[in-house]
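Architecture at a glance
If you want the building blocks of each chain, they are given just below.
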2 protein chains.
Amino acid sequence: MATKERTTIRDVAALAGVSVGTVSMVLNGSNKLNPETRQRVMDAVIKLDYRRNPHARSLSTKKSMTIGLIITDLTNPFFGIMVGCVQQEIDAKGYELLLGMTKNDIEREKKVIAKFIDSAVDGIIIVPAHYRNPNLSHIYALEQRNIPYVYLTTYYPGTRGCCAMTDLAQGSYELTNYLLNTGHKNIVMISGYVELVLSAERLRGFKRAHEEHGLEVRADQIVEAEPDYNGGREAFDQIIRRGKPDAIMTVNDIVSMGVLTRAREMGLRVPEDLSVAGYDDLLYSSMLETSLTTVRQPIKEMSAAAVDMIFKVAEGETIENKLMMFTPQLFIRSSTKKRL
Amino acid sequence: MATKERTTIRDVAALAGVSVGTVSMVLNGSNKLNPETRQRVMDAVIKLDYRRNPHARSLSTKKSMTIGLIITDLTNPFFGIMVGCVQQEIDAKGYELLLGMTKNDIEREKKVIAKFIDSAVDGIIIVPAHYRNPNLSHIYALEQRNIPYVYLTTYYPGTRGCCAMTDLAQGSYELTNYLLNTGHKNIVMISGYVELVLSAERLRGFKRAHEEHGLEVRADQIVEAEPDYNGGREAFDQIIRRGKPDAIMTVNDIVSMGVLTRAREMGLRVPEDLSVAGYDDLLYSSMLETSLTTVRQPIKEMSAAAVDMIFKVAEGETIENKLMMFTPQLFIRSSTKKRL
DNA sequence: TAATTTTATTGAATCGGTTCAATAAAATTG
DNA sequence: CAATTTTATTGAACCGATTCAATAAAATTA
């Protein structure tokens, strides 16, 4: 089977009776062209069902009409939805999405960024890995090479990237406040690594609420964990070994699910024996065996903002405020209850 | 800031004191090379931190070291996990993953495939859109152009692609059997569009189980719906309007969640008033307010098989059996119960 | 109408790789 | 040792676009 060769710009030029340069200008929307010529070219394009070769284009222009998105973990539907939102926005701009997954491993993050650079992406949206003491040479490399990038959900301090994120401190503050107001005396927070912005912010809200109630946060009220299902289970075991608190707040709903199942396995009832609260408000959170009190992050808005930002940065616009904060929303459900 | 130019193969050639052809051969692992020369080249590569330009490579070779994956809907974590699995397998082969999302729209599917063709992907893994009477010109285009592709989860009949999937009929059969054996007299199935393989297979198992119990399946026992949360809610309303059955089986767990919430909103209790069963066994399914009886699909194995297949097809190997069936597994939880 | 300016189009050079026929050098053979 | 074969390396052509200096044609001006 003689596989038909791809039609190229030269085929179009030949059919339209013009030079390849002219065809290229038509395709790039140049305005200094005889409308009649333009039409002839367009006719030829349609007749031949011609489409430009993106690799040839990228090679020549050093652009790729592509935005890279780096996420951590697609088993958490929070990020699945996020990918969908980002995809849609990027699509609308006529760009392509290139996806990279880090599984919260900084080495993978480095590799993904290297690939993205090789592929000449026009910008990168980064959901930073949950990783202790990350070496940030890859981020600095982006800055040195002037490759546009922005953060989504959280950021690496000491770098220049803008960030679209939820006001995590505010969310934690409201949730903690609610728990304290409903009579909880001993709240433990399952946190990400405390030195990360993501956790530090949440802790800030947690502490502020305690302070306003005249309380001080003890070291054993903070437990670090991986932000996934097993992280939740393990952290719960660790907490219970020290003695049961009356409430547990977690870094996201998936961690809460780990806590809920482990609690059930151990014969503890939620919310009767202890309250549990999450973060993110996944669709499923309201349907859990004990529907989850949680803080919703506006995924769609955040994602759209990040896409917006990356295009602005790519066009050299200066962003007025580096941090774009979105307001979280508290949902009180049945995994928490008033205590005397 | 004079942005440093990319180092090219010519820079490497110059530093190593050889021709560009030689460098290219070293990089492509040619075996007819003086080891000493090879070493000199490798040293230069490392010293310059040289990496090949994938666009230039693709332009020249008409390959891209890339596999395209087309999925329908990332808000369902089933597919999020699937993307993760496929990514990992493709990674292991040294290839890149290009992701496309269709949102179950056949037009999007066509566009994604066109993009993939333009990008010269070396193969495509397709999760077919849930779409009625799809026009399959894009699939035929793949076949005519000899572009390797395989299906994952289900397939379009009348096309040549292999498919890695769960034995959906078997899963439905076991589940239906269980429901009939536990005294359910009137089971309604919320199905995808019945003319699609995905649904037809499930129906086959559903009917077979009924037959073996000496029962015939009535038309009103089948309700078509979109395979998402709202699809489940709407289908439930429709079912209830006709009269409450004693069990509802759905096309996936997300649809079941729609059913569960809608049932709760209407004051119906599961499993007391009716049983509900899903398909997929999402992590969260076991934690729902009423933990879900469901059929697990082995995502990881299926995904790995699809990746395996696509590379075999790309290498021109003939696949012995077009359908690679994986065995589903029934999980009985608390959303179903024995009836008298 | 000739000189000048403006507009439309051309086509060669370029991007950064790969490939392969040609060649040079080394090894083998008679 | 000359003739032949084998092995290692070269470098020009090519992939399919873009870009821009050069040119031709048309429009304007004097």
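Coordinates for the structure precede this section.
The model shown is predicted, which means the values in this text are computed figures rather than measured ones.

Now for the interface of chain A and chain B. Contacts between chain A and chain B engage 48 residues on the former and 48 residues on the latter. For the pair chain A and chain B, the two sides together bury roughly 4100 Å², of which 57% comes from carbon and sulfur. Contact with chain B buries surface across chain A, with A:H55, A:D118 and A:M287 losing the most and accounting together for 17% of the total. Linking chain A with chain B are six salt bridges. Among the ionic pairs, B:R6 bridges to A:D118, the shortest N-O distance being 3.7 Å. The tally of links from chain A across to chain B stands at eleven residue pairs in polar contact (both at pLDDT 80 or more). When contributions to the side of chain A that touches chain B are tallied by element, the ones reaching two or more residues are helix 4 (54-61), helix 5 (77-92), strand 2 (96-101), helix 6 (106-118) and helix 11 (253-265) of chain A. Residue composition of the side of chain A that touches chain B, grouped by class: 21 nonpolar, 16 polar and eleven charged.

A word on the packing of helix 5 of chain A against helix 12 (residues 299-314) of chain A. All names here are of chain A. Contact geometry for helix 5 and helix 12: axes closest at 9 Å, N-to-C directions at 45°. The orientation of helix 5 relative to helix 12 falls into the category oblique. Here helix 5 runs over helix 12; the crossing is right-handed. Along its contact with helix 5, which presents F78, I81, M82, C85, V86, Q88, E89 and I90, the element helix 12 presents I299, K300, M302, S303, A304 and V307. Residues that form the contact of helix 5 with helix 12 fall into these classes: ten nonpolar, two polar and two charged.

Taken as a whole and judged by the stated rule, the model has ten aromatic pairs over all chains. On the numbers, 5.5 Å between centres and 5° between planes, the contact of A:Y284 with B:Y284 is stacked. Pair noted here: A:Y284 is in the loop between strand 9 (275-277) and strand 10 (294-296) and B:Y284 is in the loop between strand 9 (275-277) and strand 10 (294-296), and the two residues belong to different chains. Owing to a relative accessible area of 2%, A:Y284 belongs among the buried residues under this scheme. Here the aromatic rings of B:Y151 and B:Y155 are separated by 6.5 Å at their centres, their planes lie at 50°, and the arrangement is tilted. When its relative accessible area of 24% is taken as the criterion, B:Y155 is described as partly exposed. These aromatic residues form a ring-pair network of at least three members: B:Y149, B:Y151, B:Y155 and B:Y156. Above the face of the A:Y173 ring, A:R208 is positioned so that its terminal group lies 3.7 Å from the ring centre.

Conventions and cut-offs
- Residues numbered from 1 in each chain as written.
- Chains lettered and ligands numbered in written order.
- Predicted model: local features only at pLDDT ≥ 70, side-chain atom pairs only at ≥ 80, totals over all residues.
- Heavy atoms only, no water.
- Contact = heavy atoms within 4.5 Å.
- Buried area = accessible area lost by both parts, 1.4 Å probe.
- Salt bridge = Lys/Arg side-chain N within 4 Å of Asp/Glu carboxyl O.
- Polar contact = N/O pair within 3.5 Å; in protein donor to acceptor, adjacent residues only side chain to side chain.
- Helix = DSSP H or I, 4+ residues; strand = E, 2+ residues; numbered from the N terminus.
- Nonpolar A, V, L, I, M, F, W, Y, C, P; charged D, E, K, R; others polar.
- Axes fitted to C-alpha atoms, helices over the stretch in contact; angles between N-to-C directions.
- Parallel < 35°, antiparallel > 145°, perpendicular 65-115°, else oblique.
- Left-handed = near helix turned anticlockwise from the far one by under 90°.
- Phe/Tyr/Trp six-rings, centres within 6.5 Å; stacked < 30°, edge-to-face > 60°.
- Buried < 20%, exposed > 50% of the residue type's maximum accessible area, 1.4 Å probe, protein only.
- Lys NZ or Arg CZ within 6 Å of the ring centre and 35° of its normal.

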